[in-house]
Amino acid sequence: MINLQPYQNPTYFVLLAVALLPLAIGLLYGKRFKVYEMIVSFAFLLLTFGGVKLNEGLALLGYVIFETLLVCGYHAYRKKQNSGYVFVLAVVLAIAPLLIFKLTPFVTGKPSILGFLGISYLTFKVVGTVMETRDGMIKELKWYHVLHFLLFFPTISSGPIDRYRRFRKDYEKVPSREKYLELLGKGVWNIFLGFFYKFILAYAFGTLILPVVSKYALGHGGISWWLVAYMYVYAMDLFFDFAGYSLFAVGISYIMGVETPVNFNKPFISKNIKEFWNRWHMSLSFWFRDYIYMRFVFFIMKNKLMKNRVHIASVGYLLLFLIMGFWHGLTWYYIVYGLYHACAIILCDAWLRFKKKHKDKLPHNKFTECLAIFVTFNVVCFSFLIFSGFLDTLFFAK
Amino acid sequence: MKDTVLGILEDLTGSDEVSKDLDVNLFETGLLDSMATVQLLLELQAQCGIDVPVSEFERSEWDTPNKIIAKVESMQ
């Protein structure tokens, strides 16, 4: 059987266009063909997780059954009682498959059979749903809705990370014709912009230029202008590749009448690192903000465990970015990347406080704004150089 | 109630801008951040007796003083 990874080649896109056409016509006439959509979803999941990837498909199947049972079980429990221990247990169980998958190679030296493409992203969705259930925000929860939410195929491999209540709200209603035409237009635009990003720009930066600068940087060894070039080229490749993918996922969702949240909003025009995280991989950073940082701060303040606001914020940032680092993978450069961003944002907060206090004395004009963008851009590009693991190859590879 | 909410916002933002312009976008202008948001939720609980879980906080629904006042009034 053939196997097609999402958004990788023309065949996938042609199949998508053909399969989605009836759905789009239905939505134009105010109808959601739910059964047809289910068949399409199943077919595309089978394309990605069948054939040579059948082992991943089976892992996915086991995973979603386990997580759906967990979410429904916790929801049923939460209707009657609300113990903090049970909540913590539910969260631990929700992330257990991901933890086992990530830790297995370190223990056994072999990759885990539990893994499949997208496991980390699905885990975010599950944990978010458990947390909102704990808050009593999810009143109605059906097992097939959870399954549908988790298996929504346009975003299954790498997000954007949607939220259960938001997804349900979109899906339960059919957009008006006017609204849907707008969505359709935006969806098609996103997909074509995605082609430009992923298959032209990311291809140029990542496939054509990066190997060349990489070769020269390694040939030179140590710190060189080639290394600086590598940093910028890698940053561009990373952005256009992932932003391109995200545009596809969002565009396809729009065509299906679902307004999946966007992932990127011109990240490189940010004036500080805090703004950067509101523009870069947004569904991930908002997830961390809402489910880790804000909850942590809320918990600490409510129980009066720490007094100083600045200290609470700093510890919160360290927690957030360390978890993000570990989530990316258990290598030193991902963890350093996390620490680096935590430090950057703590410094940024200190600077913003200083700026607020000395508002009248500090100049503010077009030049300082450009300078801020320039500095932020370079701080970010350097973080991606750490993230790329190239420094590891450069300095530590034998 | 309006005054209580504005009082809390003034304390948190350290400016009276929030009382001058009730439609100012608190997040875009940087007047509120996540930290101040959590404090806002805790203050609303303490001073107005309304319980807002963090999950309920959808930024776009709470991003101006007017919207916050309306939310608080609807939750009482």
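Because the structure is a prediction, the values reported are computed rather than measured.

Cut-off values and rules
- Residues numbered from 1 in each chain as written.
- Chains lettered and ligands numbered in written order.
- Predicted model: local features only at pLDDT ≥ 70, side-chain atom pairs only at ≥ 80, totals over all residues.
- Heavy atoms only, no water.
- Domains from an automatic or database assignment.
- Contact = heavy atoms within 4.5 Å.
- Buried area = accessible area lost by both parts, 1.4 Å probe.
- Salt bridge = Lys/Arg side-chain N within 4 Å of Asp/Glu carboxyl O.
- Polar contact = N/O pair within 3.5 Å; in protein donor to acceptor, adjacent residues only side chain to side chain.
- Helix = DSSP H or I, 4+ residues; strand = E, 2+ residues; numbered from the N terminus.
- Nonpolar A, V, L, I, M, F, W, Y, C, P; charged D, E, K, R; others polar.
- Core = buried A, V, L, I, M, F, W, Y, C linked by side-chain atoms within 4.5 Å.
- Buried < 20%, exposed > 50% of the residue type's maximum accessible area, 1.4 Å probe, protein only.
- UniProt positions renumbered as here; feature names shortened; annotations may be inferred.

Turning next to the domain arrangement of chain A. Residues and elements named next belong to chain A. Entries for chain A in the domain assignment read domain 1 (10-173), domain 2 (178-255) and domain 3 (267-395). Relative placement of domain 1 and domain 3: their C-alpha centres are 29 Å apart. Taken residue by residue, the interface counts 15 residues in domain 1 and 13 residues in domain 3. Regarding the contact of domain 1 and domain 3, the summed buried area is about 1,300 Å², with carbon and sulfur atoms giving 61% of it. Here domain 1 is connected to domain 3 by two salt bridges. Of the charged contacts in the structure, one is a salt bridge between Asp-290 and Arg-163, with a shortest N-O distance of 2.9 Å. Our count for the domain 1 to domain 3 interface comes out at seven residue pairs in polar contact (both at pLDDT 80 or more). Breaking the side of domain 1 that touches domain 3 down by element, the ones donating at least two residues are helix H4 (84-108) and helix H5 (119-134). Tallying contributions element by element places H5 first for the side of domain 1 that touches domain 3, with seven residues. For the side of domain 1 that touches domain 3, the per-class residue count stands at nine nonpolar, two polar and four charged.

With 19 residues of chain A at the interface, the matching set in chain B holds 19 residues. Roughly 1,700 Å² is buried in total at the junction of chain A and chain B, and carbon and sulfur atoms are behind 60% of that figure. Contact with chain B buries surface across chain A, with Met294(A), Phe298(A) and Arg309(A) losing the most and accounting together for 36% of the total. Our count for the contact surface shared by chain A and chain B stands at one salt bridge. Its salt-bridge partner being Asp33(B), residue Lys274(A) comes within 3.1 Å of it at the nearest N-O pair. Applying the counting rule to chain A against chain B returns seven residue pairs in polar contact (both at pLDDT 80 or more). Among the secondary structure elements, those contributing two or more residues to the side of chain A that touches chain B are H5, helix H11 (282-302) and helix H12 (309-328) of chain A. Residue composition of the side of chain A that touches chain B, by class: nine nonpolar, no polar and 10 charged.

Turning next to the environment of Pro175(A). All names here are of chain A. You can see Pro-175 is positioned in the loop between helix H7 (164-172) and helix H8 (177-220). Taking the C-alpha atoms as reference points, Pro-175 and Phe-153, separated by 22 residues in sequence, lie 20 Å from one another. Residues within four places of Pro-175 in sequence aside, it is in contact with Leu-27, Arg-32, Tyr-180 and Leu-183.

A word on the nonpolar core. Counting residues in hydrophobic clusters, the biggest one holds 148 residues, and the most contacted among them are Tyr7(A), Trp277(A), Trp280(A), Phe384(A) and Leu44(B). When residues in this core are grouped by element, the largest group, 20 residues, is from helix H9 (residues 225-255) of chain A.

Here we take up the UniProt feature "modified residue: O-(pantetheine 4'-phosphoryl)serine" (unreviewed entry) in chain B. Per the UniProt entry, the sites bearing "modified residue: O-(pantetheine 4'-phosphoryl)serine" (unreviewed entry) are Ser34(B) in this numbering. With respect to the secondary-structure elements, Ser34(B) resides in helix H3 (residues 34-48). Dropping the residues within four chain positions of it, Ser34(B) is found in contact with Arg289(A), Tyr293(A), Met294(A) and Arg59(B).

Residue and element names in this part refer to chain A. One can find Glu-178 in helix H8. According to the relative accessible area criterion, Glu-178 is exposed, its value standing at 68%. The sequence separation of Glu-178 and Val-40 amounts to 138 residues, and the corresponding C-alpha distance is 25 Å.

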